[in-house]
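Next come the chains, spelled out residue by residue.
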Amino acid sequence: MVEYFEIGLISNTHGLKGEIKVRPYTESMKRFEELNKIYILKGNDKDEYEIENVRYQKDVVLLKLKGVDIIEDAEKLKNHIISIPRESGKKLSDDEFFIADLIGCEVYENELVGTVTDVFTAGGSDVYVIKREKQKDLLLPAIASIIKKIDVSQRRIDVEIPRGLLE
């Protein structure tokens, strides 16, 4: 399973005192208020930063990080990914899963259908993108009548695909 979750991209600086603009990957921008520290990915390295302040501006999160006090320091962080350790992630109910854990799962309906390569939301429910061998990708709604069992520890999803969806 994934050890760190990517939660946003540092898109720019804000002001002269070291604030950064973050494009969040999370469902709720307010999630940043619950965090004390984050990790910024720089190549293969993860640098730890303590969050001093969280504000919002339209669809971006404005973060002030401890030790990043001038615009020049903030500019060095642009275009880097922000991540958090799995244990800092949102607590999920039994029927919820992190997208990062679903990516790469094999999908079966008696036999292998394909592998989950992406998940997106459409019309109020998630849709799993299933890459199939020598066929077009299958878009599978993540609803109870189709998704029968998910076992992320075994990297397996069992499904019942309605007639007509495979054509």
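1. Here we look at the layout of surface pockets
- Size it by volume and the largest pocket reaches roughly 990 Å³.
- Lining the largest pocket are 31 residues, with Glu-27, Leu-92, Phe-97, Phe-98 and Ile-99 sitting closest to its centre.
- Contributing elements (two or more residues each) for the lining of the largest pocket: strand E1 (4–14), helix H2 (99–102), strand E8 (111–122), strand E9 (125–131) and strand E11 (147–151).
- When residues in the lining of the largest pocket are grouped by element, the largest group, four residues, is from E11.
- A class-by-class count of the residues in the lining of the largest pocket yields 18 nonpolar, four polar and nine charged.
- Space inside the second largest pocket adds up to approximately 220 Å³.
- Together, 12 residues line the second largest pocket, and Glu-111, Leu-112, Val-113, Arg-132 and Gln-135 are the ones closest to its centre.
- Top element by residues in the lining of the second largest pocket is E8. It accounts for five residues.
- Of the residues contributing to the lining of the second largest pocket, the split by class is four nonpolar, three polar and five charged.

About the thresholds
- Residues numbered from 1 in each chain as written.
- Predicted model: local features only at pLDDT ≥ 70, side-chain atom pairs only at ≥ 80, totals over all residues.
- Heavy atoms only, no water.
- 1 Å grid on protein atoms, 1.4 Å probe; cavity = no way out; pocket = protein on both sides within 12 Å on 5 of 7 lines; lining within 4 Å.
- Points joined across faces, edges and corners; volume = space filled by probe spheres on them.
- Helix = DSSP H or I, 4+ residues; strand = E, 2+ residues; numbered from the N terminus.
- Nonpolar A, V, L, I, M, F, W, Y, C, P; charged D, E, K, R; others polar.

Shape is all these values report; function is a separate question.
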